[in-house]
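The primary structure of each chain is shown beneath.
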Amino acid sequence: DAGVTQSPTHLIKTRGQQVTLRCSPKSGHDTVSWYQQALGQGPQFIFQYYEEEERQRGNFPDRFSGHQFPNYSSELNVNALLLGDSALYLCASSWDSGENIQYFGAGTRLSVL
Amino acid sequence: SQQGEEDPQALSIQEGENATMNCSYKTSINNLQWYRQNSGRGLVHLILIRSNEREKHSGRLRVTLDTSKKSSSLLITASRAADTASYFCATVYNTNAGKSTFGDGTTLTVKP
């Protein structure tokens, strides 16, 4: 049973560019959450998708957007990249009827130059 | 600011010793969870404690929850070098629309 998979593993972009990160949830999970983790800090909640809709959003600007597909996989898009967007982006999946136990992927390391 | 705050920020112990880390939070919760993260990797769920529970055990892990003080502690007994990692508490206040709110973690180093 595959766990949560994220791609790509690493990414280097320049300021102003756009990036798309991808996530496939754990089998049987219907909810996907995205987190941003800066070095030395805890994960910060970006948003959560359930039934292809953004259900909840953290304190992130509209430059951060996402999508969930019918197979529950998800994308995170970031437009007009800033240096401060450099971070580890984590995708987590869970089961909506559960207690919000999150299963995390290994993350995508984004560097903005 | 983060809902959960762990302390200490860093902890260094010898193999075989016990490690205790604490988490404080600000608002009422449905449950509190502890996660572990090895350097630069994804987080791994360790244990969940519900708001109506006071203590839970899982292997060498013991978690307590004091809702009156809005605090939790994670005890790792008989630590091993492989326990070296960052540990985060995550609070969940609504499991139906839930985000998990993480603190900045405790970095544990277990020396062999």
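See above for the structure.
Residues numbered from 1 in each chain as written. Chains lettered and ligands numbered in written order. Predicted model: local features only at pLDDT ≥ 70, side-chain atom pairs only at ≥ 80, totals over all residues. Heavy atoms only, no water.

Counting from both sides, the interface comprises 23 residues of chain A and, opposite them, 24 residues of chain B. Taking both partners together, chain A and chain B bury about 1800 Å²; carbon and sulfur atoms supply 46% of that area. A per-residue breakdown of the area chain A buries against chain B is headed by Q56, E99 and N100 of chain A, which together make up 29% of the total. Linking chain A with chain B are one salt bridge, by the criterion used here. Where chain A touches chain B, the interface holds 11 residue pairs in polar contact (both at pLDDT 80 or more). Of all the secondary structure elements, the ones that give two or more residues to the side of chain A that touches chain B are β4 (31-37), β5 (44-50), β6 (53-57) and β9 (87-94) of chain A. At three residues, β5 of chain A tops the list of elements feeding residues into the side of chain A that touches chain B. Classifying every residue of the side of chain A that touches chain B gives eight nonpolar, 11 polar and four charged. (Contact = heavy atoms within 4.5 Å. Buried area = accessible area lost by both parts, 1.4 Å probe. Salt bridge = Lys/Arg side-chain N within 4 Å of Asp/Glu carboxyl O. Polar contact = N/O pair within 3.5 Å; in protein donor to acceptor, adjacent residues only side chain to side chain. Helix = DSSP H or I, 4+ residues; strand = E, 2+ residues; numbered from the N terminus. Nonpolar A, V, L, I, M, F, W, Y, C, P; charged D, E, K, R; others polar.)

Turning to the packing of aromatic side chains, a few remarks are in order. Residues and elements named next belong to chain A. Inspection of every chain in the model, using the stated rule, returns eight aromatic pairs over all chains. Judged by centre distance (5.7 Å) and plane angle (70°), the ring pair of Y35 and F45 falls under edge-to-face. Placement of Y35 in strand β4 and of F45 in strand β5 is noted, with a sequence separation of 10 residues between them. Classification of Y35 by relative accessible area gives buried; the value is 0%. Their ring planes at 45° and their centres at 5.6 Å tell us that Y35 and F104 sit as a pair that is tilted. (Phe/Tyr/Trp six-rings, centres within 6.5 Å; stacked < 30°, edge-to-face > 60°. Buried < 20%, exposed > 50% of the residue type's maximum accessible area, 1.4 Å probe, protein only.)

It is worth spelling out the pairing of strand β9 (residues 85-92) of chain B at this point. Residue and element names in this part refer to chain B. Most of β9 sits out of view: eight of its eight residues are buried. Residue alternation in β9 divides its side chains into two sets, A85, Y87, C89 and T91 and S86, F88, A90 and V92, and both sets are buried. Across seven bridges, strand β4 (residues 31-37) lies against β9 in antiparallel orientation. Bridging from a neighbouring strand, W34 pairs with C89 of β9. Two elements, β9 and strand β11 (residues 106-111), share three bridges in a ladder whose sense is antiparallel. Counted as the bridge partner of A85 is L108 from β11. By the bridge criterion, two bridges tie β9 to strand β10 (residues 101-102) in an arrangement that is antiparallel. The partner of T91 across the bridge, within β10, is T101. (Pairing = 2+ DSSP bridges.)

Attention now moves to unusual backbone geometry. Residue and element names in this part refer to chain A. Of note, the amide linkage connecting S7 to P8 takes the cis form, showing an omega dihedral of -5°. For P8, the location among the structural elements is in the loop between β1 (5-7) and β2 (10-13). A positive phi is found at E51, a non-glycine position, where the angle reads about 50°. Topologically, E51 is positioned in the loop between β5 and β6. Unlike most non-glycine residues, E52 shows phi in positive territory, near 65°. As for its placement among the helices and strands, E52 is situated in the loop between β5 and β6. Assessed through its relative accessible area of 41%, E52 is described here as partly exposed.

For the rest of this paragraph, the subject is the sheet that holds strand β7 (residues 64-68) of chain A. All names here are of chain A. What the four strands build is an open sheet, ordered β1-β3-β8-β7; its pairing is antiparallel. Strands with a single pairing partner mark the edges of an open sheet, and in this sheet they are β1 and β7. Ignoring strand direction, the axes of neighbouring strands in this sheet form an average angle of 20°. Where β7 and strand β8 (residues 74-78) come together, five bridges link them in antiparallel fashion. Paired with Q68 across the strands is S74, a residue of β8. (Axes fitted to C-alpha atoms, helices over the stretch in contact; angles between N-to-C directions.)

All chains considered together, the criterion is met by eight salt bridges over all chains. R50 of chain B is the partner of E53 of chain B in a salt bridge, and the nearest nitrogen-oxygen pair spans 3.3 Å. The exposure class assigned to R50 of chain B is partly exposed, which follows from its relative accessible area of 31%. One salt-bridge network, in which partners are shared between bridges, spans E99 of chain A together with R50 and E53 of chain B.

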